[in-house]
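Spelled out from the first residue to the last, the chains are:
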Amino acid sequence: MQQSDVQVNDGDELLFSDDDEQKREVRAPGKWRLLIVDDEPDIHSITRMVLDDYVFEGRSLEFLSAYTGEESLKILRETPDIAVVLLDVVMETNSAGLDVAVRIRNELENDLVRIILRTGQPGAAPEHKVITELDINDYRQKTELTSQRLSTSVTTALRSYRDLRKIEENKIRLAQLAMSVAHQIRNRTMTINGFVNIATRKLGDESPVLEYLGTISEEAARLEGIVESVSDFAAIDHFGLSEVNVRTLISEQLEELKDYAEEQSIDLHSNLNAEDRTISCKPDFFSRAVKEICRNSIDFSQQGQVDLDVYVSCDDYNCYVELEDNGIGITEEDLPYIFDPFFTSKPEGVGMGLSIVQRIASEYSWVVEVESEKGKGTKVLLAIPFSPVSGSQNE
């Protein structure tokens with residue numbers, strides 16, 4: 001059929017439009033937010049110009065600017081999804097940038113944003129000292145920062161930020177799942193206990209079935225304990241930093257543990273020998289780690305009593321907390337598994353205490369070492385690195 005043979009009536013509707021008319025608007029992915037912190041306006045202009053056409057994984061950059069350390073912290077508080085901070089060292093003070101880097105991690109509790117420190121005066125912030133003591137991700141002198149190196153540094157930082165965000169989102173989803181499962185199981189255990197109570201009343205005191213109903217009730221209560229421990233584990237989050245006096249918090253925990261020991265009919269004798277030093281972590285998490293370790297000493301004591309000695313000492317790099325008991329100890333076969341969730345040699349135990357200790361320790365980069373011998377007690381050592389905040393306060 002030739003073109004001239006085709007007849008189109010004026011009233012006919014077009015079923016297909018031209019290519020240009022077919023195109024639909026597709027929302028572009030959000031931009032990566034990059035905060036430039038520098039007291040020199042020219043640095044802001046040059047950085048924007050160099051990175052103007054930068055794209056990573058299909059997303060360009062959105063630039064924010066701050067000209068003082070305090071201004072940068074205000075922006076970071078109000079804009080939590082900033083991916084990268086290009087941070088000058090010398091601004092309103094010679095160490096303004098270093099102070100901002102510390103406050104981002106400690107005060108704002110922002111562990112996700114990637115910090116690239118830039119300086120025009122390397123003598124004010126020696127590279128080795130800064131990299132070692134501060135939680136930053138890159139260190140560059142302005143004179144060596146070519147456009148290619150700047151692009152490379154930003155790419156590396158964005159890739160790290162992307163991966164950390166994925167990990168954080170997965171942790172949140174896992175915690176939400178754990179909470180949802182816990183809620184559903186609690187509902188079922190309540191139903192089980194309700195029917196056990198009804199059956200108990202109907203059967204009367206002489207029924208031989210009561211023994212089985214008692215077992216059902218006990219197992220439901222144990223399941224409830226497991227659910228509560230999982231919920232507790234999932235709820236541990238936001239590992240911020242503040243100054244913590246080690247001796248004070250351990251002393252408080254040992255005092256509180258006396259009541260727990262009495263509930264277990266255990267005679268607790270504790271001794272604390274501690275230097276008066278501070279570390280950086282959340283007080284609640286340090287106290288929780290100490291409590292879980294000490295509870296194990298009480299739970300696995302010998303002949304109804306336990307001697308618990310706690311020693312705190314420090315060197316230039318770490319604070320060492322050593323907890324030693326004279327309990328029943330841990331067998332060589334069990335020792336590799338003591339931090340595994342739900343691992344316990346106590347029939348009525350849940351086995352989440354040391355898992356919680358391990359999680360807190362891993363988040364803060366503490367080292368946990370356990371020495372034990374069956375029948376001769378257990379020794380737990382926490383090696384806690386000094387952060388720039390806690391270290392400086394102790395000097």
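Residues numbered from 1 in each chain as written. Predicted model: local features only at pLDDT ≥ 70, side-chain atom pairs only at ≥ 80, totals over all residues. Heavy atoms only, no water.

Caption draft 1: Representation of the sheet that holds strand β9 (residues 305–314) in the model. The 5 strands are arranged β7-β9-β10-β12-β11 in an open sheet whose pairing can be described as mixed. Every interior strand has two partners, whereas the edge strands, β7 (267–274) and β11 (367–373), have only one. Mean inter-strand twist for the sheet, computed between neighbouring axes without regard to direction, equals 10 degrees. Looking at chain direction, β11 and strand β12 (residues 377–385) are connected through 7 bridges and run antiparallel. Within β12, the residue paired with E371 across the bridge is K379. Relative to the sheet, helix α8 (residues 246–263) contacts β7, β9 and β10 (318–325), its axis offset from that of β7 by approximately 175 degrees. Sitting on the sheet, helix α9 (residues 283–299) is in contact with β7, β9, β10 and β12, with an inclination near 20 degrees to β10. (Pairing = 2+ DSSP bridges. Helix = DSSP H or I, 4+ residues; strand = E, 2+ residues; numbered from the N terminus. Axes fitted to C-alpha atoms, helices over the stretch in contact; angles between N-to-C directions. Contact = heavy atoms within 4.5 Å.)

Caption draft 2: Here's a closer look at the side chain of R118. One can find R118 in strand β4 (residues 114–119). Here R118 sits buried without a salt bridge, and the closest side chain of opposite charge, D38, lies 4.7 Å off (N-O distance). Within the structure, the side chain of R118 is placed 3.3 Å from the side chain of T47, a separation counted as a polar contact. Discounting residues that sit within four places of it in the chain, R118 has contacts with I36, I43, T47, L86, L87, D88, V89, R140, K142, L145 and L150. (Buried < 20%, exposed > 50% of the residue type's maximum accessible area, 1.4 Å probe, protein only. Lys, Arg positive; Asp, Glu negative; His and termini not counted. Salt bridge = Lys/Arg side-chain N within 4 Å of Asp/Glu carboxyl O. Polar contact = N/O pair within 3.5 Å; in protein donor to acceptor, adjacent residues only side chain to side chain.)

Caption draft 3: Molecular detail of unusual backbone geometry. Positive phi values are uncommon outside glycine, yet E57 reaches one of about 50 degrees. Residue position: E57 is located in the loop between α2 (41–50) and β2 (61–66). Its relative accessible area of 46% is what places E57 among the partly exposed residues. At Q303, a residue that is not glycine, the phi angle is positive and equals roughly 55 degrees. Mapped onto the secondary structure, Q303 falls in the loop between α9 and β9.

Caption draft 4: Fine view of the sheet that holds β4. Here 5 strands make up an open sheet; going across it, the order is β2-β1-β3-β4-β5 and the pairing parallel. One side of each edge strand has no neighbouring strand; the edge strands of this open sheet are β2 and β5 (138–141). The mean inter-strand angle of the sheet, taken between neighbouring strand axes irrespective of direction, is 20 degrees. Sheet analysis places β4 next to β5, joined by 4 bridges and oriented parallel. Counterpart to R118 in the pairing with β5 is R140. Strands in contact with helix α3 (residues 69–78) are β1 (32–37), β2 and β3 (82–88); relative to β2, the strand with the most contacts, it is inclined by about 135 degrees. This element, helix α4 (residues 96–106), spans β3 and β4 of the sheet and lies at about 175 degrees to β4.

Caption draft 5: Local environment of the packing of aromatic side chains. This model, assessed by the stated rule, comprises 5 aromatic pairs. Taken together, a centroid distance of 6.2 Å and an interplanar angle of 75 degrees make the contact between F286 and W366 edge-to-face. Here W366 lies in the loop between α10 (353–364) and β11 and F286 lies in helix α9, a separation of 80 residues in the sequence. By the burial criterion, F286 is buried, and W366 matches it. Plain terms: the ring middles of Y337 and F343 are 6.0 Å apart, the flat faces sit at 45 degrees to each other, and that makes the pair tilted. Under the relative-accessibility criterion, Y337 is labelled partly exposed at 42%. An aromatic cluster of three or more residues is present, and its members are W32, F56 and Y161. The cationic tip of R59 hangs over the ring face of W32; the distance from NZ or CZ to the ring centre is 3.8 Å. Just above the ring of Y260 sits the side chain of R295; from NZ or CZ to the centre is 4.2 Å. (Phe/Tyr/Trp six-rings, centres within 6.5 Å; stacked < 30°, edge-to-face > 60°. Lys NZ or Arg CZ within 6 Å of the ring centre and 35° of its normal.)

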